[in-house]
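Below are the chains, spelled out letter by letter.
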Amino acid sequence: MYYGFNGTNWFRVQTLNDISLMIDAAPKKGFVLRFRADKPYLPLDEEVQKVIDLHNYFGTSSKEFNVIFTADIDVDAQVMFDAIDTLIVTGVNVVCVEAGNEYYSKEQANFDFEYYRQKFDPLRNLLLDHHHTIPFSIFLAPRPSDSNILGGRNDHKRFNDAALEYMSTAPSKDGVSIHIYYGGNEAPIIMEALDKQDIREQEYNEEADVYYQQMYEQSQASDLFEATIAYLDDKFEGRDVWITEFGFNSAGTLKNTLAYATAMFA
């Protein structure tokens with residue numbers, strides 16, 4: 001089991017104090033950074049070096065550092081392979097390479113798995129030729145209609161059925177990635193955001209208190225997480241599962257609130 005965080009924009013804002021706190025909080029084994037090579041803030045080679053630097057910081061402790069590499073499958077596969085190879089050669093433990101990020105989406109593969117496969121195959125083949133022991137993970141759509149997940153969709157089912165067929169002949173070490181996001185089906189309160197207002201410390205705000213209390217309670221009453229895992233266990237039995245993001249759909253609206261953090265921690 002790996003535990004860690006999704007590192008979008010991490011290297012843009014990290015400080016030495018952040019790194020120190022992270023190392024202090026990390027377990028001795030299983031800490032993982034999801035490195036978003038598909039969404040770098042700095043040039044890719046600079047971000048790769050920052051991953052190596054973070055690995056070296058962990059090397060001064062007795063704690064393990066691992067990386068999930070989320071590849072950009074819209075660029076030349078050799079570019080992504082070279083970045084992965086650089087990490088491996090310098091001693092970074094790459095535990096998984098993800099084939100893009102939510103590539104099933106309308107804006108990318110538009111739920112056409114064959115289009116997706118043609119995008120990730122060049123990188124998959126390079127890895128099989130040179131680093132064949134590294135697990136490769138393909139994305140699944142999160143709300144298939146043949147699950148007990150609320151809001152099930154037929155286009156998600158079609159995409160996942162094609163993914164299941166592909167996985168039937170994939171190497172046994174390969175797995176699937178999925179993101180679990182609580183939306184209006186699970187927490188109806190978040191469908192209408194709070195009006196913008198000043199929240200002053202030490203001043204009780206009943207409207208905000210009720211809103212966030214309901215958000216927490218509604219999410220905890222939902223079985224989204226359990227239903228997703230049950231679906232994966234049924235359809236992709238024996239395959240590794242990489243849950244590389246989870247949260248609320250309205251993260252940008254809900255912000256860094258105590259209710260958000262408490263619900264996701266639970």
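Just above, that's the structure.
Presented here is an overview of the structure given in this document. (Residues numbered from 1 in each chain as written. Predicted model: local features only at pLDDT ≥ 70, side-chain atom pairs only at ≥ 80, totals over all residues. Heavy atoms only, no water.)

### Things to note about the nonpolar core
Here comes step 1: Ranked by size, the top nonpolar core spans 57 residues in total, and within it Phe69, Val97, Tyr116, Leu123 and Ile138 carry the most contacts.
Here comes step 2: Those residues within four positions of Phe69 in sequence are excluded, and the remaining contacts are Phe35, Ala37, Met80, Ala83, Ile84, Leu87, Val94, Cys96, Val97 and Glu98.
Here comes step 3: Listed in part, the 16 residues of the second largest apolar core include Tyr182, Ile189, Tyr211 and Met264. (Core = buried A, V, L, I, M, F, W, Y, C linked by side-chain atoms within 4.5 Å. Buried < 20%, exposed > 50% of the residue type's maximum accessible area, 1.4 Å probe, protein only. Contact = heavy atoms within 4.5 Å.)

### Description of the environment of Asp223
Here comes step 1: Mapped onto the secondary structure, Asp223 falls in the loop between helix 7 (206-221) and helix 8 (224-235).
Here comes step 2: Take Asp223: its relative accessible area is 43%, and that puts it in the partly exposed class.
Here comes step 3: When the C-alpha positions of Asp223 and Val67 are compared, they lie 29 Å apart, and in sequence the two are 156 residues distant. (Helix = DSSP H or I, 4+ residues; strand = E, 2+ residues; numbered from the N terminus.)

### Details of empty space enclosed by the protein
Here comes step 1: For the coordinates displayed, the defined rule picks out one cavity of 30 Å³ or more.
Here comes step 2: The volume enclosed by the largest cavity comes to roughly 70 Å³.
Here comes step 3: What lines the largest cavity is a set of 13 residues, among which Gly7, Asn9, Trp10, Phe11 and Glu47 lie closest to the centre.
Here comes step 4: Looking at the lining of the largest cavity, the elements that each hand over two or more residues are helix 1 (10-13) and strand 2 (31-36).
Here comes step 5: For the lining of the largest cavity, the element with the most residues is strand 2, which contributes four residues. (1 Å grid on protein atoms, 1.4 Å probe; cavity = no way out; pocket = protein on both sides within 12 Å on 5 of 7 lines; lining within 4 Å. Points joined across faces, edges and corners; volume = space filled by probe spheres on them.)

### Concerning the environment of Phe31
Here comes step 1: Note that Phe31 resides in strand 2.
Here comes step 2: Each C-alpha atom of the pair Phe31 and Met80 lies 23 Å from the other, and the pair is 49 residues apart in sequence.
Here comes step 3: In this structure Phe31 touches Tyr3, Gly4, Phe5, Met22, Ala26, Phe58, Glu64, Phe65 and Asn66, once residues within four positions along its chain are discounted.

### Some words on the environment of Glu217
Here comes step 1: On the secondary structure map, Glu217 appears in helix 7.
Here comes step 2: With 49 residues separating them in the primary sequence, Glu217 and Ser168 have C-alpha atoms 39 Å apart.
Here comes step 3: In this structure the side chain of Glu217 is engaged in a polar contact, spanning 2.8 Å, whose partner is the side chain of Gln213. (Polar contact = N/O pair within 3.5 Å; in protein donor to acceptor, adjacent residues only side chain to side chain.)

It is worth stressing that arrangement in space is one thing and function is another; only the former is reported here.
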